[in-house]
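The residues making up each chain are set out below.
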Amino acid sequence: MATKTASSSEVTPDARDVGRLVKLMTAAAWFFLGLGIALSLYSIEHFSEENTALMVGLGFMVGSVFIYVIRTAIHLVHSRAESENE
């Protein structure tokens, strides 16, 4: 009974592709911001905490800011690590 082992270099690529992650998170942040604005404008006539669509829309807008901040942090850490390796 032979077992086959795999090293970590065979499983993951050598270079991290952070650029794709940054682009994906940027697109997600803009998408959720647009969705939040659309939901908020759709139901703004009844401005109350009982208006579920308005509260969800505001949550999407706040969440999009958090996604964008996390994306910026990832991008800055990766660019700093690349500049130190050069």
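None of these values were measured; they are calculated from a predicted model.

Chemist: It is not clear to me how the packing of aromatic side chains should be interpreted in this structure. Could you clarify?
Modeler: Each aromatic ring pair is characterised by the separation of its centres together with the angle its planes make. A full pass over the atoms with the stated rule returns two aromatic pairs. Between Phe31 and Phe32, the ring centres sit 5.4 Å apart and the planes meet at 65°, which makes this aromatic pair edge-to-face. Accessibility expressed as a relative area gives 26% for Phe32, which makes it partly exposed. What links up through ring pairs into an aromatic cluster is the set Phe31, Phe32 and Phe60.

Chemist: How do you make sense of helix H2 (residues 18-42) when you look at a structure like this?
Modeler: Helical geometry note: an α-helix holds 3.6 residues per turn, so side chains three or four residues apart project in the same direction. Taking 1.5 Å of rise per residue, the 25 residues of H2 would be expected to cover 36 Å, and the 36 Å separating its terminal C-alpha atoms lies within 8% of that figure. Where H2 is concerned, the buried positions are Val18, Val22, Met25, Thr26, Ala29, Gly36 and Ser40. For H2, the elements touching its buried residues are helix H3 (52-85).

Chemist: I'm lost on H3 in this one. Help?
Modeler: Counted at 1.5 Å a residue, the expected span for H3 with its 34 residues is 50 Å, and the 49 Å between its end C-alpha atoms agrees. Looking at H3, one finds that the buried residues are Leu54, Gly57, Ser64 and Arg71. Buried-residue contacts for H3 involve H2.

Criteria and cut-off values
Residues numbered from 1 in each chain as written. Predicted model: local features only at pLDDT ≥ 70, side-chain atom pairs only at ≥ 80, totals over all residues. Heavy atoms only, no water. Phe/Tyr/Trp six-rings, centres within 6.5 Å; stacked < 30°, edge-to-face > 60°. Buried < 20%, exposed > 50% of the residue type's maximum accessible area, 1.4 Å probe, protein only. Helix = DSSP H or I, 4+ residues; strand = E, 2+ residues; numbered from the N terminus. Expected span 1.5 Å × (residues − 1). Contact = heavy atoms within 4.5 Å.

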